[in-house]
Amino acid sequence: MNKTTAERAGLHVHATSDGHYTAIVFDAQIGGVVIDRQNVANGDKGYRVAKLSDTELAADTLDLRVFIDRGCVEVYVDGGKHAMSSYSFLAMAHAPSNS
């Protein structure tokens, strides 16, 4: 991710047509990377934060590696200096069938 003047920048995963999602974002106000589940249809509505150092905040780029499966999101920041994981599920009406 390149340096930006945006307050928040990132992506939505497990997004559904009715507006539910898990957000993975850089949040400039708190100075960290966030897994935000405030808008999920199922499960806890919490969030996880990886606070970045002053050196990381001053850098021109931020390396994010994101792994997503049916029920989990993993985020690795700057080559694994920070690592977070969280449950994240699609709304049942939007989950793919196994048939």
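Residues numbered from 1 in each chain as written. Predicted model: local features only at pLDDT ≥ 70, side-chain atom pairs only at ≥ 80, totals over all residues. Heavy atoms only, no water.

Caption draft 1: View of the overall build of the chain. Within the chain, the regular secondary structure consists of one helix and seven strands. When the elements of the chain are put in sequence order from the N terminus, they spell out β-β-β-β-α-β-β-β. For the chain, the spread of C-alpha atoms along the principal axes amounts to about 50 × 25 × 20 Å. Taken over 99 residues, the chain has a buried fraction of 32%. In the chain, the share of contacts with a sequence separation of at least 24, taken over all contacts with a separation of at least 6, comes to 35%. Accessible surface, the chain: about 6,200 Å² in total, of which carbon and sulfur atoms supply 50%. (Helix = DSSP H or I, 4+ residues; strand = E, 2+ residues; numbered from the N terminus. Buried < 20%, exposed > 50% of the residue type's maximum accessible area, 1.4 Å probe, protein only. Contact = heavy atoms within 4.5 Å. Areas by Shrake-Rupley, 256 points an atom, 1.4 Å probe, with all protein chains shown as cover.)

Caption draft 2: Region of interest: the side chain of glutamate 56. Relative to the helices and strands, glutamate 56 resides in helix α1 (residues 54-58). An unpaired buried charge is present at glutamate 56: no salt bridge exists, and lysine 81, the closest side chain of opposite charge, is 4.6 Å distant. Residues contacting glutamate 56, with those up to four places away along its chain left out, are Asp78, Lys81 and His82. (Lys, Arg positive; Asp, Glu negative; His and termini not counted. Salt bridge = Lys/Arg side-chain N within 4 Å of Asp/Glu carboxyl O.)

Caption draft 3: Molecular detail of the sheet that holds strand β2 (residues 22-27). Taken in spatial order, the four strands make up an open sheet running β1-β2-β3-β4, and their pairing is antiparallel. Since the sheet does not close on itself, it has two edges, and those belong to β1 (8-13) and β4 (47-51), each with one partner. Adjacent strand axes in the sheet meet at a mean angle of 15°, parallel and antiparallel pairs treated alike. Judged from the six bridges that link them, β1 and β2 form a sheet pairing that is antiparallel. Note that in β2 the partner of glycine 10 across the bridge is valine 25. (Pairing = 2+ DSSP bridges. Axes fitted to C-alpha atoms, helices over the stretch in contact; angles between N-to-C directions.)

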